[in-house]
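One letter stands for each residue in the lines below.
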Amino acid sequence: MNAQKDVRRPAGGRITRYTVIKFRLHPSAEQAELIEKTFGCCRYLWNQMLADVQEFYAAASVHYIPTPAHYKKEAPFLKEADSQALCTVHQNLRQAFLNFFRNPSRFGYPQFKTKKARQDSFTVYCRQYRTGPSIRLAGSGIQMPKLGLVTAVIHRRPLHWWSLRSVTVSKSKSGKYFCAATFKYEAKQPEASAPTPDKTVGLSFSPSCFYVDSEGSSPTLPPLSRSREKLARMQQKLARMERGSRNHEKQLHKIRLLHEHTANQRRDFIHKESRRIANAWDAVCVEESNLAELSQQQAHVLDYGFGMFRECLQYKLEQQGKPLLTVSRFIPTSKACSACGAVSSHPHGRSWLCPTCGASIAQEVNTARNIRDAGLAQARALQKR
């Protein structure tokens, strides 16, 4: 899995990018034991620091977060974990409180972590020493502090001018270990160009076929419906088993594997489809839809991850200097004719028939063309300012 984030610089025409490459780890028994201990140490340290913050504030009305070194005397087992992973826990808790103080309704107060509720992970930052970096990719894996050389399946190698910044080790619910390596590099800032009608596409969200574009085409969906039906049968079988038995644990593990397989199908489809659209068009127009309301009206609306699709499409367009134009959902894109612009309040089925000009077109294609025209009008208005 690859993800990228851009941080723009005002001068020099250069841009700083952060790219994440995620690959699977195959640790030995000793390395897996140390990884599990690090997970536990990070979770223990988070809970202890959060409890002390609440205690200090209740006693003296002072917000103070102790450092990890404060707890190593009372808990000597913390010395077994990497000190960088423990320092990252302190930074994450500090950032969680900063986010809470800045916007409490969005982020919420930091919560205690339990062993079963959250995904286990820890982050280690790469340090430069005289002998070389503390973390580096080897031919058959990744070299990390205290863990040594961990065998990994590296499907993509970073370029030689990329610098490794941090590594996040995580464990999925199915028991697989993964590593997300963050790289930093400098690239030339792409030149932004004004969108033209012939190289701009509008996307209309469709519960049945994910989306329909202004050209009348829709993507080929992955077989998530079959996975959903299989999951329902497996959950029915799980409900008839005795909780805590060996068969119950085996069936639960199969369900976790199916959930992971479905998520991988969805993620693969989203990345491939967003990359295809970003390479084929100079501008993309989408409607600002409320997916939470749509999920209450239509079953399985969020199965294909349309929100994740828009996020992937946005950063892939930004890499090439192309805009993603978001149209307000209060514009009557589904009630207006894309040929003459007349607005009709009468409900339409799968086909749009304009009462003014008599144009006949598919309803979703008509909506996608209206979204494209509204996005182009919005881009022209921004250029005039």
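That block above? That's the structure.
Draft legend 1. The arrangement of the side chain of Thr 182 in detail. Relative to the elements of secondary structure, Thr 182 occurs in strand β10 (residues 177-188). Under the relative-accessibility criterion, Thr 182 is labelled buried at 17%. Here Thr 182 is in contact with Tyr 18, Thr 19, Val 20, Ser 163, Leu 164, Arg 165 and Ser 166, once residues within four sequence places are set aside.

Draft legend 2. Inspection of the nonpolar core at higher detail. Phe 23, Leu 25, Phe 122, Ile 135, Ile 142, Val 167 and Val 169 are the most contacted members of the largest nonpolar core, which totals 45 residues. Looking at this core element by element, the count peaks at 11 residues for helix α1 (residues 29-60). When sequence neighbours within four positions are dropped, the list of residues in contact with Val 169 reads Leu 25, Ile 35, Phe 39, Asp 120, Ser 121, Phe 122, Met 144 and Phe 178. Of all hydrophobic cores here, the second largest spans 21 residues; its members include Ala 278, Trp 281, Cys 312 and Leu 324.

Draft legend 3. Spotlight on the packing of aromatic side chains. Applying the stated rule across the entire model yields 16 aromatic pairs. Ring centres 5.8 Å apart and planes at 35° place the aromatic pair Phe 306 and Phe 309 in the tilted group. Of the two residues, Phe 306 and Phe 309 both sit in helix α7 (residues 306-319), three residues apart, roughly one turn of that helix. When sorted by exposure, Phe 306 lands in the same class as Phe 309, which is buried. Members of the aromatic cluster, each reached through a chain of ring pairs, are Phe 205, Phe 210, Tyr 211, Phe 269, Phe 306 and Phe 309. One Lys or Arg, Lys 22, reaches over the ring of Phe 178 and ends 5.1 Å from the middle of that ring. The side chain of Lys 113 reaches across the aromatic face of Trp 46, ending 4.2 Å from its centre.

Draft legend 4. Region of interest: a positive patch on the surface. The grouping of Lys 237, Arg 240, Arg 246, Lys 250 and Lys 254 at the surface amounts to a positive patch. Per-element accounting of the positive patch gives the leading share, three residues, to helix α5 (residues 246-280). If you trace the backbone, Lys 250 turns up in helix α5.

Draft legend 5. The arrangement of unusual backbone geometry in detail. In this structure, Ser 61 is a non-glycine residue whose phi angle is positive, near 55°. Along the chain, Ser 61 turns up in the loop between α1 and α2 (83-102). Residue classification places Ser 61 among the exposed residues on the basis of a relative accessible area of 57%. Positive phi, normally seen in glycine, also occurs at Phe 210, with a value near 70°.

Draft legend 6. How the structure looks around α1. Between its terminal C-alpha atoms α1 stretches 46 Å, which fits the 46 Å expected from 32 residues at 1.5 Å a residue. Phi for Ser 61, located one or two positions after α1, is positive at around 55°.

Draft legend 7. Here's a closer look at a nonpolar patch on the surface. Taken together, the side chains of Phe 56, Val 62 and Tyr 64 define a hydrophobic patch exposed on the protein surface, amounting to about 270 Å² of accessible area. For Tyr 64, a relative accessible area of 45% gives the class partly exposed.

Draft legend 8. Structural view of the pairing of strand β12 (residues 210-213). In the sheet, strand β11 (residues 200-206) pairs with β12 via four bridges, with the strands oriented antiparallel. The residue bridging Phe 205 from the neighbouring strand is Tyr 211, located in β12. Taking the residues that link successive antiparallel strands as the turn, the β11-β12 hairpin has three residues.

Draft legend 9. Seen up close, empty space enclosed by the protein. Evaluated as defined, the whole model comprises one cavity of 30 Å³ or more. The space that makes up the largest cavity amounts to roughly 60 Å³. For the lining of the largest cavity, the elements supplying multiple residues, two or more each, are α1 and β3 (121-125). Of the residues that constitute the lining of the largest cavity, the class distribution is six nonpolar, one polar and two charged.

Draft legend 10. Molecular detail of the packing of α1 against α2. α2 packs onto α1 with a crossing angle of 40° between their chain directions and a minimal axis gap of 10 Å. By the angle between their axes, α1 is oblique relative to α2. Considering the relative orientation of α1 and α2, their crossing is right-handed. Contacts between α1 and α2 involve Thr 38, Cys 41, Cys 42, Leu 45, Trp 46, Met 49, Leu 50 and Val 53 on the former and, on the latter, Ala 85, Leu 86, Val 89, His 90, Asn 92, Leu 93, Ala 96 and Phe 97. Residue composition of the contact of α1 with α2, by class: 13 nonpolar, three polar and no charged.

Draft legend 11. Spotlight on the sheet that holds strand β13 (residues 283-287). Strand order across the open sheet formed by four strands is β12-β11-β13-β14, with mixed pairing between neighbours. Each of the sheet's edge strands pairs with one partner strand only, and the pair in question is β12 and β14 (324-327). Strand-to-strand twist across the sheet, computed as the mean angle between neighbouring axes with direction ignored, equals 30°. The sheet contacts of α5 involve β11, β12 and β13, and relative to β12 the element is tilted by about 15°.

Rules used in this analysis
Residues numbered from 1 in each chain as written. Predicted model: local features only at pLDDT ≥ 70, side-chain atom pairs only at ≥ 80, totals over all residues. Heavy atoms only, no water. Helix = DSSP H or I, 4+ residues; strand = E, 2+ residues; numbered from the N terminus. Buried < 20%, exposed > 50% of the residue type's maximum accessible area, 1.4 Å probe, protein only. Contact = heavy atoms within 4.5 Å. Core = buried A, V, L, I, M, F, W, Y, C linked by side-chain atoms within 4.5 Å. Phe/Tyr/Trp six-rings, centres within 6.5 Å; stacked < 30°, edge-to-face > 60°. Lys NZ or Arg CZ within 6 Å of the ring centre and 35° of its normal. Patch = residues over 30% accessible without salt bridge, like charges linked within 9 Å, V, L, I, M, F, W, Y side chains within 5 Å. Areas by Shrake-Rupley, 256 points an atom, 1.4 Å probe, with all protein chains shown as cover. Salt bridge = Lys/Arg side-chain N within 4 Å of Asp/Glu carboxyl O. Lys, Arg positive; Asp, Glu negative; His and termini not counted. Charge placed at Lys NZ, Arg CZ, Asp CG, Glu CD. Expected span 1.5 Å × (residues − 1). Pairing = 2+ DSSP bridges. 1 Å grid on protein atoms, 1.4 Å probe; cavity = no way out; pocket = protein on both sides within 12 Å on 5 of 7 lines; lining within 4 Å. Points joined across faces, edges and corners; volume = space filled by probe spheres on them. Nonpolar A, V, L, I, M, F, W, Y, C, P; charged D, E, K, R; others polar. Axes fitted to C-alpha atoms, helices over the stretch in contact; angles between N-to-C directions. Parallel < 35°, antiparallel > 145°, perpendicular 65-115°, else oblique. Left-handed = near helix turned anticlockwise from the far one by under 90°.

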